[in-house]
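# Per-entry structural report
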Amino acid sequence: MDPQKQMQALSEQYQGLQTELTTLVSARQKLESQQQENKNVQKEFQTLNEEANIYKLVGPVLLKQDSAEAKSTVEGRLEYIDKEIKRIEGSIKDMQEKTEGKKMEMIQIQTQAQQATASG
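Residues numbered from 1 in each chain as written. Predicted model: local features only at pLDDT ≥ 70, side-chain atom pairs only at ≥ 80, totals over all residues. Heavy atoms only, no water.

Here is the rule: UniProt positions are given in the numbering used here, feature names are shortened, and annotations may be inferred rather than shown by experiment.
Looking at an unreviewed UniProt entry, one finds the protein named Prefoldin subunit 6, with Hortaea werneckii EXF-2000 as its source organism. As its UniProt record puts it under Sequence similarities (unreviewed entry), the protein is described as follows: "Belongs to the prefoldin subunit beta family."

In structure tokens form, the structure reads like this:
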């Protein structure tokens, strides 16, 4: 295959990987933001006394919620978010490795093309 066409194909693959990586990083940031919000809610729960009323916003309506249920929901949400962050971090690591591999392929083809030009 022509080195020029090979470089073009690798470059397009590299850009695709970079786009996927950006998407993953963005997803991780969103999860970290949700994680922080839920941790703040958890801290607020700790400051409330046992008789305090807890309300949940459902659409335009505030519904009274059981304290234990609300705390359990937030804990469950935090566990889920932690798992998702770990999963996405694994995907980010894989994507970074793939991106680096494409970059090395591009450098190798570029080097071969330069050597061919120099010796030809």
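After that view of the structure, there is still more to cover.
## Quick notes on the UniProt feature "coiled-coil region" (unreviewed entry) in the protein
Spelled out, the test is: Only DSSP runs of H or I reaching four residues or more are called helices, and only runs of E reaching two or more are called strands; each is numbered from the N terminus.
Under the UniProt annotation, "coiled-coil region" (unreviewed entry) lies at residues 7–51. Its end C-alpha atoms 67 Å apart, residues 7–51 is made of 91% helix and 0% strand.

## Remarks on empty space enclosed by the protein
Rolled over the atoms, a probe with the dimensions of a water molecule shows which regions are left empty. Just so we agree on the cut-off: The method works on a 1 Å grid over the protein atoms by themselves. A cavity is a set of points holding a 1.4 Å probe that cannot get out, a pocket is an open set with protein on both sides within 12 Å along at least five of seven lines, and residues with an atom within 4 Å of a point line them. Grid points are joined across faces, edges and corners, and a volume is the space filled by probe spheres set on the points. Charged residues are taken to be Asp, Glu, Lys and Arg, nonpolar residues to be Ala, Val, Leu, Ile, Met, Phe, Trp, Tyr, Cys and Pro, and polar residues to be all remaining types, Gly included.
A full pass over the atoms with the stated rule returns one cavity of 30 Å³ or more. What the largest cavity holds in volume is close to 40 Å³. Lining the largest cavity are Phe 45, Leu 48, Asn 49, Glu 50, Ala 52, Ile 54, Ser 67 and Lys 71. Here the lining of the largest cavity is built from residues that sort into four nonpolar, two polar and two charged.

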